[in-house]
Every structure is written in C-alpha cells, then in structure tokens.
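Here is how the chains run, residue by residue.
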Amino acid sequence: MEIKKVQLSTAKSAHTYTKNRLDFEPFFKYLESFIENGAPSDDMIPLFALERIKEIEHVNGKLCKHNLNAYKDILQLIYSLSVSLIDTDPKRYWALTTPLAEEAFYGTEAFFDLCSQQLVEQDLQGKMRAGSLLTNQEKLFYTLIFERLYGFSSNEQIGIVYHHLNEQGEIIDYYDLDIDFKFVEIKARKTLPAIDIGRLSENPSDSLFDWNTVISTVKLEDFELSGFGIVTFRKTSTEHTLRKIQSILLDLPTYNYHLFLSDLEKIMAPILKGADTVFSLFPLFQLNGVPFFDYTITNKSILITEAYTINNSFRINPELAGYLKHPHVIFYNNNNAMNGIRNTKSIFDEQITKSGVKAYLCIPLVHNHSLSGILEIYSRKEDQLDNETMQALGVLVPLLSQLSQDITLEFKKRIDDVIKNRFTTIQPSVQWKFNHVAAQYIQELENDSSDAHIKAVVFEEVYPLYGAIDIKDSTIIRNASILKDFSFKVKQLAMLIDELSLDGKHKLIMTFSSRVDHITESLDHISFDESMVKIIEFFRKDVLPFLEEARRQFPTKIEVIEHYAKHFFTNRDTGEFYRNEFETSLRQTNQVISRELDHFNSFIQGNYPSYFQKFRTDGIEYDIYIGESITPQTPFSYEFINVFRRQQIISMARIALKTYHLKDVLPLALETTQLIFINPHSIDISFREDERRFDVEGSLNIRYEIIKKRIDKIRVKRTKERLTQVNKIAIVYLSDEILEDLMLSIQAIYDMGIIEQRIEHLKLEEVQGIAGLKAIRLSVNLNYRDFS
C-alpha cells in the first residue's frame, strides 16, 4: 500500500463547485453507527479507529491532502475493513479518492501501476446527450444529488469506464472504475429547487435523465461534498466485448463485410494477448450445398488457407470436408516446457506445425445444432493462450455463433436480391450457378474492386431438346373470326339504317350508308393487316360520329340507336363473338398442352435435373438443355439423352391425342401439329440478362437456333406438302448417326400402342442457308386411351 497522488480525471468541468473537501466526518458517523448497532464483541476495531483518528487530528489537524502520511495507519485500516482482514492480496486494484473520484491519494501498488499505463477515460456509460458539456464527475455529482436529497434513483450505474491503450493507440483492455460513495456526504447550501421529475426524461428507454433539462434546473455550485470515495478497478474486457458484439449484430445489414471483420478483430483484441495473437472468424457460407470460401476473408485461417491453395474450386479437400461434417475443438500448444500439449491428435497437426504456430485453438461455432462458422485463434509466440483467454472465449462463443449465423443469412439474402434484380426467377436446376456468380459479384463489391460486374452465366456442352406444338392455321382462323365479327357489325349497322330510314330519306343516313358500302367493298381487295387498319379507323372516325349525330336528329329513336350501339363496342355476346370463340378455344387448348409439358418436365427433373423453358405462341415451344455442366454433382451419361428423347416423343403423342379429343368440346374446333428437332451434337448456352432467358453461345452454335426458326413451315422435298400434319409427330434430324437409337425408341413407343406402326422417312426441302435436313413422321393412334 502507498500514498500517492494520481489524477483519475483529466476533463475540465464546465461548472465549479467550491466545497469538495477530503474529510473523515462521514467515516466517523459510520463507525459510531456501527458501534451503536453492532454486537459488543465487534466494537474493538471501530473504537480503536475512532480513538486513533482523534489522536492524529489533535496533533496534525483534520485530514487533508497535505497531511496524508500522518493518517497512513488509518488508511491501511480502512483498506483492511474494506477488503476484509483475510483478503489482503496486494495485486487488488483498490484506492481511496477525493469525494468524486477525481484524484486517488492512497491505494495498492497494483492500482497505481495500472494508472501509470495509458488509460483513457470514457464518457459515463455513454449517456451524455449531444450539446452537453458534462464530465463524468459532474454526472456522478448530479446522481448523488437526486439520490441523496430528492430520494430519486436514476438507475445510472455508478462507475467510469477506462480504455487501456497500447503504443499504437489500440484498445487492448477495458477497466471499469467502481466507486463506493458510502463515505461521501452531500449538503445543499440553499433551499432545494422544486423539481418536476417527469420533465427530467424525454426517452426513459435510453436514460432516465435528460441532461440538458437537469443542467438548467439544478446548479452544482449550490451543493457541497465532503468525505472520501473508495474505488476499485475491475477488468471488464469480456463484458464490453460482449456488448459491442451485441451492438453490431443490430447493424449487420449496413456493414461492408470486410470492414465488419476488421471492426470485429478490433473488438476482440482486448480478449487476446497482444498483437501477436491472430483472430480468424469466417462464417460457413453454404452455396449450392457445399461450403463456399472467400479467400479475402479466410486468408488468416490455418485450415482454409491451405485448402484454398490446394484446390481453388467448388470442391474442398477431403480432410477439410470431413472436419466440417464432424467438427470438434482443436487445441495445440507447442510449449517445449510442456512437451507439446494438445487436446487430441488431429489430421491438421502437420499443417499447424508447418505454419510455425506455437499455440492454436479452433472452435466450431454451432447455432441451432448446425455449424455456422469456424473460430481460430493462434500465435507464433508461446504462452499466448492462457486460462483467462479461454474463459473469456467460453463466454463469447455463443454470441459469435449467432453472429456467424446472421452473417450467412444476410449473405444469402444479398445473393437472392442480386438474382431477383438481375436474373428474375431462376429454375432450381441452374440456381446454383446463379448463386455462384452472385456470390463472386458480392465479393468484388466487398473488396471495392473497380471492375466489379456480373459475370456471364454459361453452361458448356449441353444437349438441347426442342419441341413445338402449333395450332394448325391459327392465324387464318383468327383473321376469319375477326372479319366475321366485322361482318356481323356491318349487318347491325344496316339494320339500324333501315330503322332510321322509316321516317324518310335523310342526308345523314344516305351519306353514312354510302360510307358503309365503300368500306365493305374495299376489304375484298386488300390484305388482312390493311383491313384491320381500315376497320378500326372506320369505327372510330365514322361510326362513333354517326351515332352521336343520330341521337340528336332522331330523338324518338334513342332506344333503337342504343340497342344497336352496344353491338359495335362491346366484346362479348355480339361485339366480338367469333373472336372470343377462338381465344377461348386457344386458351383451353394451350392449358392442356402446358399441363402435359409440365408432366414431361417432372419426368426429366426427377431423372437428371436440367433446364426447361417454354415459350407461348399460338401454341407452345420449348427448349430443354441437359448436361453435366448444369448438374455437376451427378455423373452424366449419354443414355439420359436417349431416355429423354423417347419420353419427348411419348409426350408429343399424348398432346396430340388429348387435343384431338378436346376439339369436340371447344367453342371452335382447333387442331394441333407436333414438331421435334434433334440436334446431332452438344452446344454452349449463356443467360441473356437483357431478355432474361438462355440463348446459344458462340457462332458455331447459332446454326441450331436458325434451324429451329426455319423448320416450322418446311415442306417435304419435291412436294408442296407441309412436314407438320395434324395427328402426327414430325421429327427433324441432320445426322444418320442418331437414327439407330431413335428407331429403338420409336419401336418401344409403338409397343406401348400410342403410335401406329407406319413410319414415314422423308427428305426436306432446302431452306435459306440449311441443306440436308431429314425427317421421320409418326402417326398417333387416335384410339389409344391409356393415359396412366
């Protein structure tokens, strides 16, 4: 123990308080109260203390900063009473201070040694509001005023936080200075001002004091303090680290991930033993069912850096993969004096030894029984992982596990946002690739890369399957329906003209009737597209003005005019009756086709996940892409292609049969044709972000797209016969190499009974840029009924 003056607060107060004296009077009162209320056997020490203080006062005067040495025995006694007579550990950070703990004057050597290091005072619990100039001591003063004189507890923690800094100005420890005001008295020098306690707080959830209101209501110079404080430094690195991690959890979505990890390392620094101890935490991102590592994040890891170097790909080495499936704590301490203690033999021993690490600790972070991340702490110096560090980590691990889980969820959300904004809804079979591209893009953004961009989503060497179901003569039928509707409307106009003509010849009727005859006659000599333009223009420029004028000139015929008017501008019952019949029939037919294609797609995805996309025309076209680049986890065999082509033919036969039987119940009978194109080799495809779909990649593969677009109306060579026919399936191919496998599939389908035995082998006419096309045409057995 020693007498030594050390300033604990360097802040200058905005207020001055003249009476703040060191005094034994509160201690006297405490001893006298103890003697009066305690057992007779306990009176000896308090009586001795009182008598001894009076003797010293008689010789040296009352206690003050200038006669501390005279009271050294009493100060030692206070220490003994404070920490008990038994617990006299000299390393305890204990001291006596002036009433508001501005200055320590007596304490343990450990206390003064700690004060001699770089300690920086922190605002009291961070409660000071913007614009306030209160120091920690002034806030403590106010707290005492309200508690002692107004009987109002602020619930403010009585203490000050200190940062322990290293030479680089980094926080390496936290200490809380706990203050005991038991021997401090406070008196008002004038009448206490009346206070409305309700006005002291604007936000009780934050602090019970609105300090700006406090300052304007209560003046510190109106009060005086006497006595002494008892203070104790308490190392609180774990508690403060815990609170800071809890705080950043709330702000996680706003963080740049790499900056966040940097902040986390600084937060964890007080738990570790100096800058030589490395902290590495990486969340376990599960991408497409396997761990995903960002080297810029894991570059401090002993486990992952090695794995990344060995195999910089989607696949991690077997040792690491096995550890991640069955994680456990790894502790290694290469202390010569301890002969290399470790907790267990590990497959990573050699890896750790090669890295030059002397002390190593790996802790799996588990949240809700699932691995959320890996925590590694290691040092290339000895004796860096002691019991204190281990205990602190034991407290922090549950929160770090939660933190890792939240980071992975936030990362997944960001991937989903990138995909949603840049790629729209993605099929499950290719989702993994978009996940990977999105993850790489996020990495580049986090690394502040000037070249951050979404990389192309490309699948190489995939086998395409193309099919098209077309509504036969749909354009002709639609056009005919529209013209029928127009013809009907013209008849209605003629009937209206006849009704209005019963009252005699009128110029309005004669002019309009001539216009109707002219438009009707002109439609016989122009194309359908031109007819549509004239029809729309006729109803807008001629019919509407005629009806408006007729209402004025024939007021007695209003009901008749309105009866006919509704036929011209409604789209149901009379307005577009024939076109509605067509659109309803087309919609029902496409629904049947779409359901059957969904059934076909389910078959494909259940056998080998592939990409399947449909396009609506008057019928439906579809593309299927199959290959190991789409489903890398499953070994690919060309036999999958043969199986899917066989099922494709079966699917087309089922569509032909169902639409054949459907036409009897449709408002307007529609018939379908079925077309398949078999490409002889694999192609590359890439996702076109502008059109939100896949397209062929590279000039060599464009031929596939050209053929698809030009075979829908192709004819049989040296005939005018269209290849696609109702109730038949046309299969176009280029190479005879696939014919053997194709015929085996057709034979198996024939054995099912869904197609007829007759097979047509056809050569096709040359189309622009395409020669040598051949086809097989199959006839569907229209009597087939088994759709199980």
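Here the structure is shown first, and the text comes after it.
This write-up is about the structure you can find in this document. In this text, all values refer to a predicted model and were calculated from it rather than measured experimentally. (Residues numbered from 1 in each chain as written. Predicted model: local features only at pLDDT ≥ 70, side-chain atom pairs only at ≥ 80, totals over all residues. Heavy atoms only, no water.)

### Some thoughts on the pattern of salt bridges
On inspection of all chains with the given rule, the structure shows 31 salt bridges. A salt bridge links arginine 234 to aspartate 178; the nearest nitrogen and oxygen atoms lie 2.8 Å apart. Linking arginine 234 in strand β10 (residues 229–235) with aspartate 178 in strand β7 (residues 171–180), this pair joins segments that are 56 residues apart in sequence. Judged by relative accessible area, aspartate 178 falls into the partly exposed class, the value being 24%. Between lysine 728 and glutamate 760 there is a salt bridge, with the nearest N and O atoms lying 3.2 Å from each other. With lysine 728 in strand β24 (residues 728–733) and glutamate 760 in strand β25 (residues 755–763), this residue pair connects regions lying 32 residues apart in the sequence. On the accessibility criterion, glutamate 760 (11% relative accessible area) is buried. Residues joined in a network through salt bridges with shared partners are Glu721, Lys728, Arg758, Glu760 and Arg777. (Salt bridge = Lys/Arg side-chain N within 4 Å of Asp/Glu carboxyl O. Helix = DSSP H or I, 4+ residues; strand = E, 2+ residues; numbered from the N terminus. Buried < 20%, exposed > 50% of the residue type's maximum accessible area, 1.4 Å probe, protein only.)

### A closer look at helix α11 (residues 318–325)
Among the residues of α11, those classed as buried are Leu320, Tyr323 and Leu324. In an axial view of α11, the angular spread of the buried residues amounts to 100°, which keeps them on one side of the axis. In α11, the exposed positions angled more than 90 degrees off the buried face are occupied by Pro318 and Lys325. (Arc of directions from axis to C-beta.)

### Thoughts on the nonpolar core
Ranked by size, the top nonpolar core spans 38 residues in total, and within it Leu597, Ile649, Ile729 and Ile731 carry the most contacts. Where this core is concerned, the elements lending two or more residues are β18 (458–471), α19 (577–607), β20 (620–626), α20 (639–662), β21 (672–678), β24, α22 (739–752) and β26 (774–780). The leading source of residues in this core is α20, at nine residues. Sequence-distant contacts of isoleucine 649, defined by excluding residues within four places in its chain, comprise Ile676, Ile729, Ile731, Leu742, Ile746, Ile749 and Leu778. (Core = buried A, V, L, I, M, F, W, Y, C linked by side-chain atoms within 4.5 Å. Contact = heavy atoms within 4.5 Å.)

### Let's talk about the sheet that holds strand β8 (residues 184–188)
Ordered in space as β2-β9-β8, the three strands form an open sheet in which the pairing is mixed. The open sheet has two edge strands with one neighbour each: β2 (20–22) and β8. Pairwise comparison of adjacent strand axes, ignoring direction, gives a mean angle of 15° for this sheet. As defined by bridge partners, β2 adjoins strand β9 (residues 223–227) across three bridges and the pair is classed as parallel. From the neighbouring strand, asparagine 20 faces β9, where its bridge partner is leucine 225. (Pairing = 2+ DSSP bridges. Axes fitted to C-alpha atoms, helices over the stretch in contact; angles between N-to-C directions.)

### A word on the pairing of strand β3 (residues 94–97)
If a strand is regular, its side chains alternate between the two faces of the sheet. Alternating positions in β3 separate into two faces, Trp94 and Leu96 on one and Ala95 and Thr97 on the other, with burial throughout. In this sheet, β10 lies alongside β3 in antiparallel orientation, the contact comprising four bridges. Note on β10: the bridge partner recorded for tryptophan 94 is threonine 232. Note: β3 against strand β4 (residues 103–107), three bridges, orientation antiparallel. Opposite threonine 97, over in β4, you have alanine 104 as the bridge partner. Where β3 folds back on β4, the antiparallel hairpin that results is connected by five residues, among which alanine 101 adopts a positive phi of roughly 60°.

### Digging into the sheet that holds strand β1 (residues 2–7)
Across the sheet, seven strands lie side by side as β1-β4-β3-β10-β7-β6-β5; this open sheet has antiparallel pairing. At either margin of the open sheet sits one strand with a lone partner, and together these are β1 and β5 (119–121). Between one strand axis and the next, the sheet turns by 30° as a mean value, whatever way the strands run. Across seven bridges, the pairing between strand β6 (residues 159–165) and β7 is antiparallel. Paired with isoleucine 160 across the bridge in β7 is leucine 177. Along the sheet face, helix α3 (residues 72–83) touches β1, β3, β4 and β10 and points at about 125° away from the line of β3. Sitting on the sheet, helix α5 (residues 136–149) touches β5, β6 and β7, and the angle it makes with β6 is about 160°.

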